[in-house]
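What follows is the residue order along each chain.
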Amino acid sequence: PSQVIPGTDPSAAQLCFAWGPAEMLLCQTRFGRTGQAPGPISQVLSWFLCWGFAGSKEVPPERSPSIFVLRKDQDIYSQTLRKLFNESHGIFLGLQRCEEELAGKSRRAQLVQVSKNYRSVMRACMEDLHQAAISARDPALQSQYSTQVSILSAMELIWNLCEIMFVEAAAAGPLLLHLLDWVRLHVCDVDSMVREVLSSENPSKHELFWNVVDIFVLQGRLDEARHLLSKEASADPTSVNMYKVLDDLMKKMPVPSLSNTQTLTEMELKWQHWHEECQRYLQNGTFASNSHMESICKILLGDEDAILEKKELMTTWYHFLVTRLLYSCPTVKPMELRFYAQSSMDLFLGGESSPEPLDTILMAAFEFEMHRVIKECSIVLSNWWFVAHLTDLLDHCKLLQSHNLYFGSNMREFLLLEYASGLFSHHSLWQLGVDYFDHCPKYGRVYLELHIERIPLNTEQKALKVLRICEQRQMHEQVRSICKIMAMKALRNNRLGSALSWSIRAKDAAFATVISDRFLKDYCERGCFSDLDLIDNLGPSMLLSDRLTFLGKYREFHRLYGEKRFPEAAKLLLMLMKARIAPCSFWMTLLTDALPLLEQKEVIFSTEQTYELMQCLEDVTAGKSEKLKSQ
Amino acid sequence: DNADSSTLHAVTFLRTSEILTVNSIGQLKIWDLRQQRNEPSQIFSLTGDRVPLHCVDRHPNQQHIVATGGQDGMLSIWDIRQGTMPVSLLNAHEAEMWEVHFHPSNPDHLFTCSEDGSLWHWDTSTDVSEKPSFLHQGGRSTTYFSHNTINQSVISAWLSNDPTKDRMEITNLIPNQTLSVNSLDVLGPCLVYGTDAEAIYVNRQLFA
C-alpha cells in the first residue's frame, strides 16, 4: 500500500528523497512535472509497506518547502510498547549472562522460565494497552490500541506454542496437558459466559447453560463440567440416573500425568478400557432421551462430527485439534502432531475460508519447522522485536545451529542486528541497542561503531553516557570524534573551559591548541584574561599541548607581576621567549611585556638576560623584514 | 551569568546565604550571595587530573562536611573549614557517579548512584552491640555516656582518613544491574531511584 504524504502535490512538483539509518527524508523540489508518465520516484513511494508519516520539519515557506520525515518503525514510539522493549532487554541480558554449566533438565527448566518471563511481559503490555483502549476518547486511537492488543495476543499465542513445542519440548503425555493449558488460556473467552450463568437464579434453566457445559468438556475441564451438571441434576429428578452415569464417566477419565506415577502404556491401557465403557453406555441408549448429554458422551468418545458441531464455541481450528487429541489420542507423540494439525485445519475450515497468516505460522510450529515460523513472523509483523528475541531463545536451546545464512552471520545475529539498529533511531531506547550489539559476536562491534557516532548529542549527560560506552569498549576513534563535536559546540557557545575539558578527555592536543589560541586572541583584544579560574588551575593537563602550556605559564607571569615578584616574573618571561613555544604573533606582545620590567628603577634583568632579550628582538625584526622582502 | 567557564554540574545550598557548585574541571566552589562579586569566595580542587565532579551534597547537621562524586566514580568527602583538598577519597563506582545524597534524618547513611548501574548505601553508623560494656552498666549516667561516645565517633566517621578503621558498611542495593541509575532520593525509610531502562523503583523499607 502506498502512503500519501499530506502537503505534497506530486502533480505540481517532483519529490526528492534521501535515506537515513531508519528513516527517509522527503522534500518537494522546485522542479515541476516534466509531463512524463509517473517516474521512478512515485514508484519508490509505493514500495513502502509499513511506513508511517512521522512528522515534518517546517522550513520557512519563502525559502524552501517542508521536509518530511518518513519513519519505518512507528512501534518504538508507542508509550506502552516501550515498557515491552525495556523489560525484554533485561530478560535478554539475563539469558545471555546465565550460566551454561547447567545441563539437561535444569537447563531446560531455566530456559522455560526465561520464556515464561518474556510471555508475562507481553501479557502485562497487553493489559496496559487494553486499559488504554478502554479509556481512550478518540475512536481512531481506540482502534489503534485494540489492533495492537490483538497483534500482541497473537504474538503471545505463537510464543506460547513455540515454548511448548521447542523450548519445553514436551514429550507424549505432558504434551497434551501443555496444549490444553494453551488452549484454555488463549482461545475463547469462557469466563464471562460462566459468570453469567452461575450468577443467574436458576443456572440450569439459563439459555447458555449447555454451552458452558459443552465448552468445559471441550476444554477438558471435567470437574467444572461435573459441578455444573450437578445443578441440572438437582433441578430435574428424572435425569438423575443419566447424570450419575455421565458424572461417573467424567470422573474416571484417565489423563496423562506430569509426574512419573504411570507410564504411557499403562495410561493407554486404562484409557482404552474407559473408552470402551463410554461406548457401551452410548450404544445402550442411556442418554437417548437427552440430546445434550448424548452429544457430550459422543464428544467424550472423540466423535469428530459431534465435536465439529460445537464449532462456534471452539472458534478456532487449533482448539478443535486439541479437543480431538484429548478424546481420541491423549498420548499423541510430538512428531505425530503435524498430521492431526493439518487434518484438523482442513476439517474445521471445511473449504469455506483459507488459512490466515496466523494459521500458517501455527501450522509451521506444529510441523516443527522453526525456520518457517520465524520467516513467516518476520513478514507479517512490523517490528523485529518478536522474531529477534524468539530466535535468540531458540538459539540458546541449541535448536538453530545448523542454519547459516550465506552472507556470513547466522540468523540469530542477523535478526538481533536488525532489531537493535531500529532502536538506535530512538532518542532513549538506543541504550538498549548497545547491549544487543554486544552480544552479536561477528558484526555487532562494527554496527555499534557506526551507529554510536550518529546519535544526536543534545545534552552533555547524553554525550557522557555515549563516551562511557565507547571507552568501555576501547572505541578510541569514536571517543575522539565525539569529544571533538562536544568541544566545538562548547567553543561556539564561548564556553572555553568546557571545550578544554572535552579536549583533555580525548587527549586531543590539536584542539587544545585551538582553544589556547582563542584564549590568547581574547587577551590581545581585551587586554585581560577571561576565565581566570580555569587557566589558573590547569594542573598537569597543561602539558597536553605546547600552546596550552604557554598559556598557563603566561598567565603565571602576569600573576607574578601582579604580586610584584619581578625577578621571578622576568625569569619566567625570558624562559617563555627562549623556549619558542609562543606563537609568532605573540612575540611582540612578550617583548612589550618586558618593557615595564626594563623601565623599573631596580635592575631586574641581569646582563645575560638583557642580551637574550636583545637576541629575541633581533630575531623578531629579522623575521619581519624577511616577510617584507618576500612580499 | 558567566559564573564558570566550564559546565556546572550540580548546585546546592550550603547555608542560607552560601551555595556550593561543582563543575567539569573538578572544582568545588563556594559562592557567597551576600557579597556582590562575580567570583566564588573559595575554590577547592584536587591537584592532579582535573576529573569532572558531577554531584554534591552537604551533611544535614554538620555543614562543613560536603560529599562530591566524580566522573571516575570516586566519592570525595571535604571539610570546607580547612584546606583546599578533600579529606578522604573513596574509590567507589566504575563509572560516573551521578548523584550523592546524605540521608536527611540519618546522616550516617549516604547513598550514591552511578552510570555503572549500581546504587550504593554507605553506612557509617557504629554498631551499638559492639560496645556491650557500656550498655550493660545500668543507670542513666551510662546511657548518657554511651550516647556521647557514639556521637563523637559519628562526627569523625565521615572525616576520618581511614575508612577501614571505623567500620563502614557499603552495600549495593541493586541485585542485577544493567543500565545506569541516573538519579535517586531518600526520605525516611523510602528510597526512590530511576534508571536508564525507563523504570522508577521505590524501596519503602530501607532500614528493615
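Since the structure is predicted, the reported quantities are computational estimates derived from the model, not experimental observations.

Another point: the overall build of chain A. Of the regular secondary structure elements, chain A holds 30 helices and four strands. Out of the 631 residues belonging to chain A, those deemed buried represent 48%. Carbon and sulfur atoms make up 54% of the accessible area of chain A, which totals about 31900 Å².

Moving on to the overall build of chain B. Looking only at helices and strands, one finds two helices and 15 strands in chain B. Burial statistics for chain B: of 208 residues in total, 51% are counted as buried. Residue pairs at least 24 apart in sequence account for 44% of intrachain contacts in chain B once pairs closer than 6 positions are excluded.

Residues and elements named next belong to chain A. Of all hydrophobic cores here, the largest spans 205 residues; its most connected members are Leu179, Trp182, Trp317, Phe366 and Phe386. When residues of this core are assigned to their parent elements, the largest contribution, 13 residues, is made by helix α4 (residues 139-167). If we ignore the near neighbours within four places in the chain, the residues touching Trp182 are Leu157, Asn160, Leu161, Ile164, Tyr318, Leu362 and Phe366.

Now for the sheet that holds strand β4 (residues 42-45) of chain B. All names here are of chain B. Ordered in space as β1-β2-β3-β4, the four strands form an open sheet in which the pairing is antiparallel. The two strands at the open ends of the sheet, each matched to only one other strand, are β1 (8-15) and β4. Strand-to-strand twist in this sheet, taken as the mean axis angle between neighbours without regard to direction, amounts to 20 degrees. In terms of strand pairing, β1 meets strand β2 (residues 18-23) through six bridges, oriented antiparallel. Bridge assignment links Leu8 to a residue of β2, and that residue is Asn23.

Attention shifts here to the packing of helix α9 (residues 240-252) of chain A against helix α10 (residues 264-283) of chain A. Residue and element names in this part refer to chain A. Contact pair α9 / α10: the axes reach a minimum separation of 10 Å and the direction vectors enclose 165 degrees. Regarding the angle of α9 to α10, the classification is roughly antiparallel. The two elements α9 and α10 cross, and the hand of that crossing is left-handed. Here Val245, Leu249 and Lys252 of α9 come into contact with α10, specifically with Trp274, Glu277, Cys278 and Tyr281. When its residues are assigned to classes, the contact of α9 with α10 shows five nonpolar, no polar and two charged.

Residues and elements named next belong to chain B. Mapped onto the elements of the fold, Thr112 is located in strand β10 (residues 109-114). Under the relative-accessibility criterion, Thr112 is labelled buried at 0%. Here the side chain of Thr112 touches Trp122 through a polar contact of 3.0 Å, side chain to side chain. With residues near it in sequence (within four places) discarded, Thr112 still touches Leu75, His93, Met97, Glu99, Val100, Ser118, Leu119, Trp120, Trp122 and Leu184.

Let us look at empty space enclosed by the protein. All names here are of chain A. Summed over the entire model, instances satisfying the criterion amount to seven cavities of 30 Å³ or more. Of the voids in this model, the second largest cavity is the one considered here, and its volume is about 50 Å³. For the second largest cavity, the full set of lining residues is Met577, Arg580, Trp587, Leu590, Leu591, Cys616 and Val620. When residues of the lining of the second largest cavity are traced back to their parent elements, those giving at least two are α29 (587-598) and α30 (607-630). Sort the elements by how many residues they give to the lining of the second largest cavity and α29 lands first, with three residues.

Attention now goes to helix α20 (residues 430-438) of chain A. Residue and element names in this part refer to chain A. Of all the nine residues making up α20, eight are buried; the element is thus mostly covered by neighbouring parts of the structure. When we look at burial in α20, the residues that qualify are Trp430, Gln431, Leu432, Gly433, Val434, Asp435, Tyr436 and Phe437. Buried residues in α20 make contact with α2 (79-97), α18 (385-396), α19 (411-423), α21 (444-452) and α22 (460-472).

Summing up the model confidence of chain B, the mean pLDDT is 75 and the portion of residues at 70 or higher is 76%. In the model of chain B, helix α1 (residues 132-136) of chain B stands out as the element of lowest mean pLDDT, 32, in contrast to strand β9 (residues 97-102) of chain B, which has the highest, 91.

Residue and element names in this part refer to chain A. Among the secondary structure elements, Arg372 is positioned in helix α17 (residues 370-380). Residues Arg372 and Lys310, 62 residues apart in the sequence, show an inter-C-alpha distance of 31 Å. Setting aside anything within four residues of it in sequence, one finds Arg372 in contact with Thr360, Ala364 and Glu367. Within the structure, the side chain of Arg372 is placed 3.1 Å from the side chain of Glu367, a separation counted as a polar contact.

To continue, consider the environment of Asp619 of chain A. Considering the arrangement of structural elements, one finds Asp619 of chain A in helix α30. Sequence separation between Asp619 of chain A and Trp587 of chain A is 32 residues; the distance between their C-alpha atoms is 9.8 Å.

Each full turn of the α-helix corresponds to 3.6 residues, which orients residues three or four apart in the same direction. All names here are of chain A. Within the sequence span of α21, burial applies to Gly444, Leu448, His451 and Ile452. For α21, the angular spread of the buried residues around the axis is 90 degrees, confining them to a single face. Buried residues along α21 sit against α19, α20, α22 and α23 (476-492).

Here we take up a nonpolar patch on the surface. Together, Val192, Ile200 and Val202 of chain B line one region of the surface with nonpolar side chains, adding up to about 270 Å² of accessible area. Tracing the chain through its elements places Ile200 of chain B in strand β15 (residues 200-203).

What follows covers the sheet that holds strand β11 (residues 119-123) of chain B. For sheets, the rule is that strands pair by backbone hydrogen bonds, running either parallel or antiparallel. All names here are of chain B. Reading across the sheet, the four strands line up as β9-β10-β11-β12 and stay open at both edges, with antiparallel pairing between neighbours. Each edge of the open sheet is held by one strand with a lone partner, namely β9 and β12 (169-172). Strand-to-strand twist in this sheet, taken as the mean axis angle between neighbours without regard to direction, amounts to 15 degrees. Here β11 pairs with β12 via four bridges, running antiparallel. Within β12, the residue paired with Trp122 across the bridge is Ile170.

It is worth spelling out the interface of chain B and chain A at this point. Taken together, the contacts link 29 residues of chain B with 28 residues of chain A. Across the interface of chain B and chain A, roughly 2300 Å² is buried in total on both sides, 41% from carbon and sulfur atoms. Along the contact surface separating chain B from chain A lie four salt bridges. The shortest N-O distance in the salt bridge between Lys465 of chain A and Asp196 of chain B comes to 2.8 Å. At the junction of chain B and chain A, the tally comes to 12 residue pairs in polar contact (both at pLDDT 80 or more).

Glancing now at the pattern of salt bridges. Residues and elements named next belong to chain A. Going through the model one piece at a time under the given rule, you end up with 33 salt bridges over all chains. With a closest N to O distance of 3.4 Å, Asp508 and Lys484 form a salt bridge. Taken together, the residues Asp508 in the loop between α24 (496-506) and α25 (509-526) and Lys484 in helix α23 connect sequence positions 24 residues apart. Residue classification places Lys484 among the partly exposed residues on the basis of a relative accessible area of 39%. Across the salt bridge formed by Arg547 and Asp517, the nearest N and O atoms sit 2.6 Å from each other. Linking Arg547 in helix α27 (residues 546-562) with Asp517 in helix α25, this pair joins segments that are 30 residues apart in sequence.

Rules of the game
Residues numbered from 1 in each chain as written. Chains lettered and ligands numbered in written order. Predicted model: local features only at pLDDT ≥ 70, side-chain atom pairs only at ≥ 80, totals over all residues. Heavy atoms only, no water. Helix = DSSP H or I, 4+ residues; strand = E, 2+ residues; numbered from the N terminus. Buried < 20%, exposed > 50% of the residue type's maximum accessible area, 1.4 Å probe, protein only. Areas by Shrake-Rupley, 256 points an atom, 1.4 Å probe, with all protein chains shown as cover. Contact = heavy atoms within 4.5 Å. Core = buried A, V, L, I, M, F, W, Y, C linked by side-chain atoms within 4.5 Å. Pairing = 2+ DSSP bridges. Axes fitted to C-alpha atoms, helices over the stretch in contact; angles between N-to-C directions. Parallel < 35°, antiparallel > 145°, perpendicular 65-115°, else oblique. Left-handed = near helix turned anticlockwise from the far one by under 90°. Nonpolar A, V, L, I, M, F, W, Y, C, P; charged D, E, K, R; others polar. Polar contact = N/O pair within 3.5 Å; in protein donor to acceptor, adjacent residues only side chain to side chain. 1 Å grid on protein atoms, 1.4 Å probe; cavity = no way out; pocket = protein on both sides within 12 Å on 5 of 7 lines; lining within 4 Å. Points joined across faces, edges and corners; volume = space filled by probe spheres on them. pLDDT = per-residue confidence, 0-100. Arc of directions from axis to C-beta. Patch = residues over 30% accessible without salt bridge, like charges linked within 9 Å, V, L, I, M, F, W, Y side chains within 5 Å. Salt bridge = Lys/Arg side-chain N within 4 Å of Asp/Glu carboxyl O. Buried area = accessible area lost by both parts, 1.4 Å probe.

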